[in-house]
Amino acid sequence: MEMLIYIILSVLLAIAPLAVRSERATHLIAGAFFLVQVAAIALVIAFDRIDCVMLSIFRADTLAVLFHILMTLVLGFTLIHSSSYLKAEDISTRSYKAYYTLLMLLAVAISCVYYSDNVAMTWVFLEATTICSAGIIYHREFRQSLEATWKYIFVCSTGIAMAYLGILLLSTVAHHGALDYAALKEVIAEGNPLYLKVAFLLIVVGYSCKMEIFPLYTVGVDANYAAIAPASAFISTALVNAGFLSIYRIYDLYAASGEVFEWARHLLILIGILSLAVGAMFLRRTNNYKRFLSYSTVENMGIVAIGLGIGGIALWAAVFHVVCHTLVKSSMFYQVGIVRHIYDSYSINRIGNYMNINKVGAIGIIVGTLVLLAFPPSPLFVSEVMIFSEIVTVGSWWLLALMLVLMCVVIYSIWSRTLRLGYHSNQDELHLSAVNRRLSYSAAILLIVAIVLGIWQPQVLKEAIDIIVNIG
Amino acid sequence: MILSLIILYTLTLIYLSIADRFRNHASILAIQGLLLFGIAIARMHEFHPVEMSFIIVETFVFKAIVIPAILLHVIHKTKINRIHSSSSQFGALTMSIVALVASCTITYYMADSRTDMIFFGVALYALLSGLILIVMRKRIFAHLVGFLVIENGVFLFSMAIGVELPMLINLAIMLDILISILILGMFLRRLDNDIHTDETDALTSIKD
């Protein structure tokens, strides 16, 4: 019942901006929506509703609650940054309200993915995220956003259809159509191994468009390019986390499948390596800061996939990596949004001298880059060292060598581009806009939280991840 | 009865590979919807009455009427008529036949006692046919048709393995697919308005 109230209330608030006239009223509704998310999390924790099944298709397990907390945190910052960004864009009130409605509907769909306890319902809500994201990507209504939206809907829908096929194959093991994860876990070992392997392949390939890993990572990159920067921050974190969670739940399910699980882990390592390679290659090639950050997401999610594939302590590290990546990447997108506001461009080759124009923002980007590159005290350093140590433990030296080579390329590409923005002179005459340093400071908050997590991980977070990775 | 419907369905897939007018594509999809409806009726004894009524809505109303109507509306508004003139019908037919042979071979090795081999094979062929349409055709409309052929293949696949999903889930899945198609149709019209072509070559402004 609580879940039904939460969904109805959230959806009503999400569509409410369409019924009001002013932007101020839209802000108030967005604020109320944010409070509903906070209240939902608080109620689940305060009334100890963890692991309770709701409406027979939802379950508030630790992973869902953790990701909902992260989503709400990012949502709060996204709402604030979106307001500034859209005011600078000088768009119509109608368009302004539509953006907020779509953003909030996307948040509802994502939270439903998090809480879904049924393989098919996870699929349904992931498809719903495609529809909401499409509106956000198209929001600015220029030619490239139209192209990005078409590609996004088409590739996601085709990918998700593939995933549905995988779910149908997986459901051959289900008794009386019971597709909740716990029921499937009990019977998965009885399944036809060939069916299970094909099902895993199809589901991972289908969901790769959401997690932004190989092979369908391209749509996510294009989507982030076309959407406004604060929305990109939300898509690159909350939606990517939804993709990760969907794959993780299937991974958790397969842990009980015996020999097929080994095969699934090898597949994840292969996908992880290919994602890392794609990220390394395109980080060298791209000339747009937003695409640049998107390829960094592909690279980081590749590392996460490798962590899942290796297992053991690397599994813990993979979940921790996703948590910290959410904080760092959203902060970086907000900072890059401010860069766009000042230069009216994301072009890597054109813009520079940011340190003299907006010192706070430049430091935020440079420190954020160092954290993203996993330099201590970055939390990503902690997770990557754990993944490397597990790789050494299992004796996959070739994998370690390959990862290190690819990560060297990534470090060189990211660092050289960031220094260019900070210190190189502008390539041609630019009409710079006024700097809003408050936004730069607010974006830095998430980065500071991430750095704190690199130095000290709270016991509650450690215990939560311990519960999440308790597989088998 | 079912076998003849399945054979007809396979023939529509072969014809789809060589059809060069989009009106024909929309008509074939309508026929496929009717054939799926016929197959569902022929297997009526296997379904619960509520589930059967749902399948009738899904196949007869949506697949045979609503979706082809949306496609015809898009064709009418955008004046998109034929697939690209340089597209080779012989190449497409060859690919389709290869896909058919590949589907038969894969089915032989994959299908087990719990699955219906004929349904499984034709569903796989439908999936491959959809993918071939998407990969080989340049026009965006053909990609949309390819996506719908895949969706029909997925429907056949669910029949092949005899999965009984709860009604709520079936309904949510059907609504998701319908909304996706509506949105794709809407954006296809916008593409035609804004870019004045519906060829994928025109969709290359976003790159690194």
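Residues numbered from 1 in each chain as written. Chains lettered and ligands numbered in written order. Predicted model: local features only at pLDDT ≥ 70, side-chain atom pairs only at ≥ 80, totals over all residues.

Regarding the overall build of chain B
Here's step 1: Looking only at helices and strands, one finds 7 helices and 0 strands in chain B.
Here's step 2: Counted from the first residue to the last, chain B has its helices and strands arranged as α-α-α-α-α-α-α.
Here's step 3: Here the C-alpha atoms of chain B give a radius of gyration of 17 Å, agreeing with the 17 Å that 2.2 N^0.38 yields for 208 residues.
Here's step 4: Its C-alpha atoms give chain B principal-axis dimensions of about 50 × 35 × 35 Å.
Here's step 5: Of all 208 residues assigned to chain B, the portion counted as buried reaches 43%. (Helix = DSSP H or I, 4+ residues; strand = E, 2+ residues; numbered from the N terminus. Rg over C-alpha atoms; globule rule 2.2 N^0.38 Å. Buried ≥ 20, exposed ≤ 12 C-beta atoms within 10 Å, placed from the backbone.)

Concerning the overall build of chain A
Here's step 1: Looking only at helices and strands, one finds 19 helices and 2 strands in chain A.
Here's step 2: Rg of the C-alpha trace for chain A: 21 Å, near the compact-globule value of 23 Å for 472 residues, within the 12% margin.
Here's step 3: Along the three orthogonal principal directions, the C-alpha set of chain A runs to about 65 × 55 × 45 Å.
Here's step 4: Looking at chain A as a whole, 59% of its 472 residues are labelled buried.
Here's step 5: Residue pairs at least 24 apart in sequence account for 78% of intrachain contacts in chain A once pairs closer than 6 positions are excluded. (Contact = placed C-beta atoms within 7 Å.)

Digging into the packing of helix α15 (residues 359–372) of chain A against helix α18 (residues 437–455) of chain A
Residues and elements named next belong to chain A.
Here's step 1: Between α15 and α18, whose axes approach to 9 Å, the crossing angle comes to 25°. The pairing of α15 with α18 is recorded here as roughly parallel in orientation. Between α15 and α18 lies a crossing of left-handed hand. Together, V360, G361, G364, V367, G368 and V371 of α15 and R437, S440, Y441, A443, A444, L447, A450 and I451 of α18 make up the contact between the two elements.
Here's step 2: Along the lines of polarity and charge, the residues of the contact of α15 with α18 split into 9 nonpolar, 4 polar and 1 charged. (Axes fitted to C-alpha atoms, helices over the stretch in contact; angles between N-to-C directions. Parallel < 35°, antiparallel > 145°, perpendicular 65-115°, else oblique. Left-handed = near helix turned anticlockwise from the far one by under 90°. Nonpolar A, V, L, I, M, F, W, Y, C, P; charged D, E, K, R; others polar.)

Describing unusual backbone geometry
Residues and elements named next belong to chain A.
Here's step 1: In this model, F214 is joined to P215 through a cis peptide bond whose omega is 5°.
Here's step 2: Mapped onto the elements, P215 comes out in the loop between α8 (193–211) and α9 (217–226).
Here's step 3: Here the amide bond leading from P376 into P377 is cis, since omega sits at 10°, within 30 degrees of zero.
Here's step 4: For P377, the location among the structural elements is in the loop between α15 and α16 (379–394).
Here's step 5: At L55, a residue that is not glycine, the phi angle is positive and equals roughly 55°.
Here's step 6: Turning to its location among the elements, L55 is positioned in the loop between β1 (53–54) and β2 (58–59).
Here's step 7: For L55, a count of 15 C-beta atoms within 10 Å corresponds to the partly exposed category.

A few points about the confidence of the model for chain B
Residue and element names in this part refer to chain B.
Here's step 1: The share of residues in chain B with pLDDT of 70 or more is 92%, and the mean pLDDT across the chain is 84.
Here's step 2: Across chain B, helix α1 (residues 2–18) holds the top mean pLDDT of 93, while helix α7 (residues 167–195) sits lowest at 75.
Here's step 3: Model confidence for the complex is summarised by a pTM of 0.94, with the ipTM given as 0.89. (pLDDT = per-residue confidence, 0-100.)

Points about the interface of chain A and chain B
Here's step 1: Contacts between the two partners involve 35 residues from chain A and, on the opposite side, 32 residues from chain B.
Here's step 2: Looking at the side of chain A that touches chain B, the elements that each hand over two or more residues are α5 (119–138), α6 (143–170), α9 and α11 (259–285) of chain A.
Here's step 3: When grouped by side-chain class, the residues that make up the side of chain A that touches chain B number 18 nonpolar, 10 polar and 7 charged.

Quick word on the packing of helix α10 (residues 229–254) of chain A against helix α13 (residues 313–343) of chain A
Residue and element names in this part refer to chain A.
Here's step 1: Axis separation between α10 and α13 bottoms out at 7 Å; the angle between their running directions is 160°. The orientation of α10 with respect to α13, classified from their angle, is roughly antiparallel. Crossing of α10 against α13: the hand is right-handed. Touching A229, P230, S232, A233, S236, T237, N241 and F244 of α10 are V322, T326, K329, S330, F333, Y334, V336, G337 and R340, all from α13.
Here's step 2: Split by residue class, the contact of α10 with α13 holds 8 nonpolar, 7 polar and 2 charged.

Some remarks on the nonpolar core
The tendency in soluble globular proteins is for nonpolar side chains to be buried as a group.
Here's step 1: Counting residues in each nonpolar core, the largest one holds 252 residues, and the members touching the most others are A:L103, A:M104, A:A109, A:I110 and B:A123.
Here's step 2: Counting residues per element, this core draws most heavily on α13(A), which supplies 20 residues.
Here's step 3: With near-sequence residues (within four places) excluded, A:M104 lies in contact with A:L13, A:A14, A:A30 and A:F33. (Core = buried A, V, L, I, M, F, W, Y, C linked by C-beta atoms within 7 Å.)

What to know about helix α17 (residues 397–423) of chain A
All names here are of chain A.
Here's step 1: Look at α17: 38 Å from first C-alpha to last across 27 residues, which is about the 39 Å you get at 1.5 Å a residue.
Here's step 2: When we look at burial in α17, the residues that qualify are L399, M403, L406, V410, S413, I414, T418, L421 and G422.
Here's step 3: In this fold, the buried residues of α17 make contact with α11, α12 (289–310), α14 (354–357), α15 and α16. (Expected span 1.5 Å × (residues − 1).)

Digging into the environment of A:A223
Residues and elements named next belong to chain A.
Here's step 1: Mapped onto the secondary structure, A223 falls in helix α9.
Here's step 2: Taking the C-alpha atoms as reference points, A223 and A178, separated by 45 residues in sequence, lie 35 Å from one another.
Here's step 3: Discounting chain neighbours no more than four positions away, the residues touching A223 are S133, I137, A148, Y152 and I235.

Digging into the environment of A:I80
Here's step 1: Counting through the fold element by element, A:I80 comes out in helix α3 (residues 62–89).
Here's step 2: The spatial distance from the C-alpha of A:I80 to the C-alpha of A:R437 is 14 Å, given a sequence separation of 357 residues.

Thoughts on α18(A)
Side chains three or four residues apart in an α-helix point the same way, a direct result of the helix having 3.6 residues per turn.
Residues and elements named next belong to chain A.
Here's step 1: For α18, which comprises 19 residues, the first-to-last C-alpha distance of 27 Å matches the rise-based estimate of 27 Å (1.5 Å per residue) to within 8%.
Here's step 2: L439, S440, A443, A444, L446, L447, A450, I451, L453 and G454 are the residues of α18 that are buried.
Here's step 3: Those residues of α18 hidden inside the fold are in contact with α3, α13, α15 and α16.

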